[in-house]
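Examination of the molecular architecture
Now for the letters of each chain:
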Amino acid sequence: MSDFDAEQKRYLEGMAAGVAVMRSVGGAAGASAPPAPPTGPDAIHIAAQDRVLATGKKLADQEKWKRAEHPLDAYGRMKREADTGKAPPPPDNFRWRTHGLFWVAPAQDSFMARLRIPNGILNHWQLAGVADLADRFGGGYAHVTTRANLQIREIAPESAAPFLEGLTDLGLTARGAGADNIRNVTGSPTAGIDRQELIDTRPLARGWHFHILNDRSLIGLPRKFNVSFDGGGIIPALEETNDIGFQAVEVLGGAAVEAGAWMRLVLGGISGHRDLARDTGVVVRPADCVAVADAIVRVFSAEGDRTNRAKARLKYVLDRLGFDAFVTKVEEVLGRKLDRVDAAHVALRPKTDRAAHLGFHPQVQVGRVYAGVVVPVGRLTTEQMRGIAAIARELGDGDIRLTVWQNLLVSGIATERVPDVTARLTGLGLSAESSSIRAGLVACTGMTGCKFANAHTKESALDIAAHVEARLALDVPVNIHLTGCPNSCAQHYIGDIGLIGVKVPVGSDGDTVEGYDIVVGGGFAENAAIGRELWRAVPADSAAVHVEALLRAYLAERSGPEECFQAFTLRVGVDHLKACAPAGAALEAAE
């Protein structure tokens with residue numbers, strides 16, 4: 001089979017397995033010619049499904065739904081049915097997510113729409129236009145997400161298609177923002193304006209974004225897929241939590257490749273499954289990132305689990321094959337060897353600043369600063385959106401940059417106009433200043449708008465911030481992440497303190513109340529780590545006092561302000577921290 005490429009070889013192997021199955025059950029394998037290999041842009045996915053069926057296994061329901069009717073072929077039907085006000089049945093609820101629409105009942109009897117904004121950067125008129133769409137077709141507000149993106153909620157069925165088409169009028173799209181697709185492409189929020197960055201991620205994120213949109217074979221993967229580009233700037237992009245992370249590094253002299261700025265390839269990040277992306281030893285020229293990412297996705301499409309949704313992410317392919325074997329398959333698809341550099345020849349990443357996404361900071365452009373605007377738990381009214389758009393248009397360079405920290409930056413502000421921007425933000429009920437608690441406060445939608453959530457996370461986050469601010473004065477940032485379910489949209493495992501929503505049993509009648517399991521010691525960028533479980537089943541109304549107790553212990557026992565909260569938890573250990581639980585608290589200690 002030397003004349004066949006890697007994908008054709010795998011297909012023929014699957015066909016051979018199917019013939020063996022037919023013989024084993026008495027079928028006449030030679031009675032008729034085997035079906036021709038699938039063709040067209042969906043062939044890679046159909047072939048992968050066929051290999052599963054040939055072994056006698058069953059496809060996951062979502063795979064059956066995609067096979068029966070491709071979501072991109074169903075747009076007309078979606079419009080017709082939505083126009084009647086019809087709520088979608090489960091197969092269509094899944095299909096419509098490929099168009100960026102999520103039916104979120106029973107939390108809300110409406111659609112949530114998730115956008116695609118490459119590198120999280122949009123123009124002032126686009127933000128103002130989205131605000132108009134949110135007023136006309138949604139609930140009059142937007143959420144900034146942990147993928148530097150926007151969500152619009154409370155979209156009635158009959159408003160779904162007009163909303164999507166309105167996005168297209170603005171030069172935006174929601175295609176592929178949900179279901180088994182490559183999600184919004186993130187990058188360094190200060191790309192192109194950062195004084196320490198190694199690589200400007202904007203062209204890389206946009207290149208990958210348009211590559212996805214214009215290649216149907218990248219729609220309908222075994223599971224959702226995340227890609228991020230970190231340019232080595234002052235604000236981390238959290239690329240280590242992505243399936244593919246490209247990290248800007250400086251390769252030193254004496255390496256197997258020429259010295260200079262390269263992208264290091266890391267794979268397999270999925271923080272909700274307690275794993276961060278790991279270094280492959282591969283470095284990629286920035287101009288080659290799209291081709292390499294494409295090859296990785298194609299190997300994932302062929303090798304990913306189509307039977308078990310819980311084990312369908314890239315991490316589990318890497319666990320099964322191993323990193324070296326996986327990269328070898330990528331090289332087969334790519335048609336060449338990838339460059340490798342020993343870690344000894346790679347300089348340390350420039351340090352990040354955990355407060356750089358808030359406040360006013362100088363840009364590489366002389367006389368210009370950017371403003372990091374606080375967006376409490378990521379929620380913006382449409383009035384605030386239009387006000388920020390006006391600030392960007394009149395006082396900045398016209399860009400709004402969303403971050404993975406659920407806030408935004410306005411760039412290109414002349415230094416002498418900082419007081420004007422401050423005053424305009426105050427008039428909108430916003431600010432560029434924040435406490436050490438609110439600077440790192442991240443929360444998913446929670447029960448208010450998500451059927452999977454076990455707690456009202458945004459409300460709990462604000463309660464925790466208010467409670468702690470009234471009782472403690474922190475002099476260093478501490479990240480607190482609240483997520484409502486194991487999907488971990490708020491990435492609780494990388495927070496200094498992470499809370500995941502659970503139902504807490506009360507009494508003897510099987511009743512439950514909202515609550516959280518609590519983990520500590522997570523981190524990101526140069527301090528990347530998965531948090532360790534500390535307490536289980538903390539009722540939501542006790543969460544704030546538990547966070548307060550941890551922070552009091554930190555302030556009392558740290559070696560000094562230079563010892564961050566994460567380092568403190570590692571030094572003293574979980575057993576010591578368990579004793580910090582407030583007196584009389586009803587909870588189950590972590591084992």
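Structure's up top.
Below you will find a few notes about this structure.

Cut-offs and rules
Residues numbered from 1 in each chain as written. Predicted model: local features only at pLDDT ≥ 70, side-chain atom pairs only at ≥ 80, totals over all residues. Heavy atoms only, no water. Pairing = 2+ DSSP bridges. Helix = DSSP H or I, 4+ residues; strand = E, 2+ residues; numbered from the N terminus. Axes fitted to C-alpha atoms, helices over the stretch in contact; angles between N-to-C directions. Contact = heavy atoms within 4.5 Å. Salt bridge = Lys/Arg side-chain N within 4 Å of Asp/Glu carboxyl O. Parallel < 35°, antiparallel > 145°, perpendicular 65-115°, else oblique. Left-handed = near helix turned anticlockwise from the far one by under 90°. Nonpolar A, V, L, I, M, F, W, Y, C, P; charged D, E, K, R; others polar.

Strand order in the open sheet formed by five strands is β3-β15-β16-β13-β12, with antiparallel pairing between adjacent strands. Two strands in the sheet have a free side with no partner beyond their single neighbour: β3 (121–123) and β12 (359–362). Taken over all neighbouring pairs, the strand axes of this sheet differ in orientation by 30 degrees on average, direction set aside. Seen against the sheet, helix α6 (residues 124–137) touches β3 and β15 (399–402) and runs at an angle of roughly 85 degrees to β3. Along the sheet, helix α12 (residues 382–395) contacts β15 and β16 (408–414); its crossing angle with β16, the most-contacted strand, is approximately 25 degrees.

So, on to unusual backbone geometry. Cis geometry is adopted by the peptide bond preceding P106, which originates at A105 and carries an omega value of 10 degrees. Within the secondary structure layout, P106 lies in the loop between β1 (101–103) and β2 (111–114). Positioned with a positive phi, L238 is a non-glycine residue whose angle comes to about 60 degrees. Within the chain, A525 stands out as a residue other than glycine whose phi angle is a positive 55 degrees. Along the chain, the position of A525 falls in the loop between β20 (511–520) and β21 (532–539).

This part is about the sheet that holds strand β7 (residues 227–230). Pairing is mixed in the open sheet, where six strands are placed in the order β6-β7-β8-β9-β10-β11. In this open sheet, the two strands that pair with only one neighbour each are β6 (186–187) and β11 (339–340). As defined by bridge partners, β6 adjoins β7 across two bridges and the pair is classed as parallel. Note on β7: the bridge partner recorded for G187 is F229.

Moving on: the pattern of salt bridges. The tally for this structure, following the rule as stated, stands at 42 salt bridges. Note that K86 is salt-bridged to E81, the shortest N-O span being 3.6 Å. The salt bridge involving D275 is made with K315; its shortest N-O contact spans 3.0 Å. Taken together, the positions of D275 in the loop between β9 (260–267) and β10 (278–284) and K315 in helix α10 (residues 314–321) put the pair 40 residues apart, joining distant regions of the chain. Ionic contacts of the salt-bridge type, sharing partners, join the residues E69, R77, E81, K86, D92 and R95 into one network.

Let us now look at the packing of α12 against helix α13 (residues 418–427). Axis separation between α12 and α13 bottoms out at 10 Å; the angle between their running directions is 165 degrees. Taken together, α12 and α13 sit at an angle that is classed as roughly antiparallel. Crossing of α12 over α13 shows right-handed handedness. Residues A390, I391, E394 and L395 of α12 form the contact with α13, whose participating residues are D420, V421, R424 and L425. When the residues that make up the contact of α12 with α13 are grouped by side-chain class, the tally is five nonpolar, no polar and three charged.

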